[in-house]
Amino acid sequence: MEIKKIICIGAGYVGGPTMAVIADRCPEIGVTVVDINPERIAQWNSDKLPIYEPGLEEIVLRCRGRNLFFKTASPELIAEADMVFVSVNTPTKTFGEGEGRAADLQYLEKSARFIRPHLKPGAIVVEKSTVPVKTAEAISTILHFESQGPRHPVLSNPEFLAEGTAIRDLEEPDRVLIGCEQTPEGQLAAQALADVYAHWVPRERILLTNVWSSELSKLAANAMLAQRISSINSISALCEATRADVGEISRAVGLDNRIGPQFLEAGIGFGGSCFRKDLLNLSYICEHEGLLEVAAYWKGVVAMNDFQIERYTRKIVSSQFNTVAAKKIAIFGFAYKPGTDDTRDAPAIQVCQGLLREQARLAIHDPKALENARYDLKGVEGEVAFEPDPYKAAEGSHAIVLLTHWPEYRKLDFQRLYESMEKPSFFFDGRNWLDHAALHRIGFNVYPIGKESLSHI
Ligand code: UDX
Ligand code: UDX
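### Quick look at the overall build of the chain
- Scanning the chain from N- to C-terminus turns up 17 helices and 14 strands.
- In terms of overall dimensions, the chain is globule-like: its C-alpha atoms have a radius of gyration of 24 Å, near the 23 Å expected for 457 residues.
- Projected onto its principal axes, the C-alpha positions of the chain cover 75 × 50 × 45 Å.
- For the chain, the proportion of its 457 residues judged to be buried stands at 47%.
- A separation threshold of at least 6 residues defines the contact pool for the chain, and within that pool the share at least 24 residues apart is 72%.

### As for the site of ligand 2
- Within the structure, ligand 2 sits among 19 residues, and A162, E265, F270, G272 and C274 are positioned closest to it.
- The element that contributes the greatest number of residues to the shell around ligand 2 is helix α9 (residues 211–242), accounting for three residues.
- A breakdown of the residues in the shell around ligand 2 according to their chemical character gives 11 nonpolar, four polar and four charged.

### Structural notes on the sheet that holds strand β14 (residues 445–447)
- The strand order β11-β10-β9-β12-β13-β14 describes an open sheet built from six strands, whose pairing is parallel. Each edge of the open sheet is held by one strand with a lone partner, namely β11 (384–386) and β14. In this sheet, neighbouring strand axes are inclined to one another by 20° on average, regardless of whether the strands run parallel or antiparallel.
- Relative to β14, strand β13 (residues 426–429) runs parallel, the two being bridged by three bridges.

### Some remarks on the environment of E2
- Mapped onto the elements, E2 comes out in the segment before β1 (5–9).
- We classify E2 as exposed; it has 9 C-beta atoms within 10 Å.

### Here we look at helix α11 (residues 275–288)
- With 14 residues, α11 extends 20 Å from end C-alpha to end C-alpha; this agrees with the ideal 20 Å at 1.5 Å per step.
- Structurally, α11 contributes buried residues whose contacts are with α9 and α12 (292–319).
- The first or second residue beyond α11 is G290, which carries a positive phi of 80°.

### Some points on the domain arrangement of the chain
- Its domain assignment divides the chain into domain 1 (5–201) and domain 2 (211–457).
- Put simply, the middle of domain 1 and the middle of domain 2, counted by C-alpha atoms, are 32 Å apart.
- Opposite the 26 residues of domain 1 that make contact, domain 2 presents 24 residues.
- Ranked by the residues each element gives to the side of domain 1 that touches domain 2, the list is headed by strand β7 (residues 176–180), at four residues.
- Classifying every residue of the side of domain 1 that touches domain 2 by side-chain character gives 15 nonpolar, seven polar and four charged.

### Let's talk about the site of ligand 1
- Surrounding ligand 1, one finds 22 residues, the nearest of these being G10, G12, Y13, V14 and S129.
- Partitioning the shell around ligand 1 into residue classes produces eight nonpolar, 11 polar and three charged.

### Some points on helix α1 (residues 15–25)
- For α1, the buried fraction is high: 10 of the 11 residues fall into the buried class.
- Listed as buried for α1 are G15, G16, P17, T18, M19, A20, V21, I22, A23 and D24.

### Concerning the nonpolar core
- Grouped together as the largest cluster of nonpolar side chains are 71 residues, with contacts concentrated most on I331 and V401.
- Here the element with the most residues in this core is α12; it accounts for eight residues.
- What I331 contacts, discounting residues up to four positions off in sequence, is A348, C352, L362, I364, H365, V401 and L403.
- Formed by 61 residues, the second largest nonpolar core is a distinct cluster that contains A23, V34, L68 and Y197.

### Quick look at the packing of α9 against helix α10 (residues 246–254)
- At a minimum axis distance of 9 Å, the contact between α9 and α10 shows a crossing angle of 135°. Looking at the two axes, α9 sits oblique to α10. In this structure, α9 crosses over α10, and the sense of that crossing is right-handed. In this structure, α9 uses I232, I235, S236 and C239 to contact α10, whose residues at the interface are V246, I249 and S250.
- Its residues assigned to classes, the contact of α9 with α10 comprises five nonpolar, two polar and no charged.

### Overview of unusual backbone geometry
- Note that the residue after K423, namely P424, is joined by a cis bond; omega there is -5°.
- Examined against the element boundaries, P424 turns out to sit in the loop between α16 (414–419) and β13.
- In the Ramachandran plot, N322 falls in the positive-phi region, its phi being about 65° despite a non-glycine side chain.
- Position of N322 among the secondary structure elements: in the loop between α12 and β9 (328–332).
- Even without glycine at this site, N432 takes up a positive phi of about 45°.

Rules used throughout
Residues numbered from 1 in each chain as written. Chains lettered and ligands numbered in written order. Predicted model: local features only at pLDDT ≥ 70, side-chain atom pairs only at ≥ 80, totals over all residues. Helix = DSSP H or I, 4+ residues; strand = E, 2+ residues; numbered from the N terminus. Rg over C-alpha atoms; globule rule 2.2 N^0.38 Å. Buried ≥ 20, exposed ≤ 12 C-beta atoms within 10 Å, placed from the backbone. Contact = placed C-beta atoms within 7 Å. Near = placed C-beta within 6 Å. Nonpolar A, V, L, I, M, F, W, Y, C, P; charged D, E, K, R; others polar. Pairing = 2+ DSSP bridges. Axes fitted to C-alpha atoms, helices over the stretch in contact; angles between N-to-C directions. Expected span 1.5 Å × (residues − 1). Domains from an automatic or database assignment. Core = buried A, V, L, I, M, F, W, Y, C linked by C-beta atoms within 7 Å. Parallel < 35°, antiparallel > 145°, perpendicular 65-115°, else oblique. Left-handed = near helix turned anticlockwise from the far one by under 90°.

So, in structure tokens, the structure goes:
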């Protein structure tokens, strides 16, 4: 089957970049992205895109109006499509059964109900959102309930892109995963989607599996990545207690070919829209299946992350003579990682809340995420300033706390920062990002993660 028109429901961090790359690499396919939020669509059509992602703007400018369109959803658009991607958000439930753990699938279901009456015969539905296993089946049930018409194949095609490198991850993926029903129609549909990706992805990297394996692979991949971070962070706590150096341990461990060097950087903890959500989801599903030990195992990865954030926040307070009340503290970096303005589940949120509970006065700097930071801390009690100039944020402060390893932080004039601060001045490097010996020489009392502190006190 030849795909000529694609529509994607959900113009977010996943839907937007994915569709832009498909449009770029498949000039003969018309790609339209729709969203219930008209403001988002207007932003995609403006000079300032709603998300920041390196390389995205160039592609959008190249394709927009040619074969890439951003519109509000309409039945006519659905009716024209050969393939419908569903890329709406699936946050952790904030109510009812499974609150705080299960995925909230209401947007996914709404999308399925919305497209159902308008789909043209044979149109393929592709589930892009990260969802618990068997959601494709649920979508299929909604699409076909009491319907006499032809069945629409539902594929699972989870996204493995990481923010900040989304375009590269899409253009050169390690693998593309397509899950399909094990029927001739399902397999034909999977082939049609594989043909779209084969415009730029080598065929051997396109894996066809059954639907449930595909859905579960996404959860398993994210859970294992997060587990590596929690593992090394657990070791970082031990290092601080015993004077070993977690950087040296990461290197030594990562040089083992069987383990490999990636995702072994100790730090303040992982954040982002996926890891916590997917771990909680995985553990919820396991519990539901009666696998209590398995559920507890994966929940432990989340617990270790929370422990790391709390532990470091306590350290920030205890090293400053057990009080930060009324002290100004500069926070450098609020995004959950560099290269993005995204602050979803950023460790900075928990650190800032903890410091505000201790009545510190915060001045937050981030090169991209100040707007989101303002939103995240809305309603939190305490004194918080959002400062676009890092030098102003640090002026008169007792401590700088680095929580996102933005490259620009390495270029700061630390002597100047030091001179503008209260004494003794503290530097908490929550990402082990800077030259600690150099900071110490300037006069800072330096507290890295998983390494000995360098203090003058
Ligand atoms: C994606 C995946 O869908 C999610 O499962 C994964 O775990 C993280 O990445 P993401 O693209 O990051 O989600 O979410 P978001 O940026 O919030 O975008 C979702 C978009 O869907 C929003 O713009 C929202 O307005 C839109 N939406 C939501 C709809 O168009 N219709 C709905 O019914 C609900
Ligand atoms: C992740 C997965 O990498 C991606 O494949 C999936 O599709 C979505 O979830 P993302 O959340 O964008 O992507 O970012 P990622 O680069 O994986 O980082 C997640 C968090 O882990 C960040 O807060 C980062 O700072 C932290 N991290 C990462 C560490 O603390 N140490 C590391 O060694 C690596």
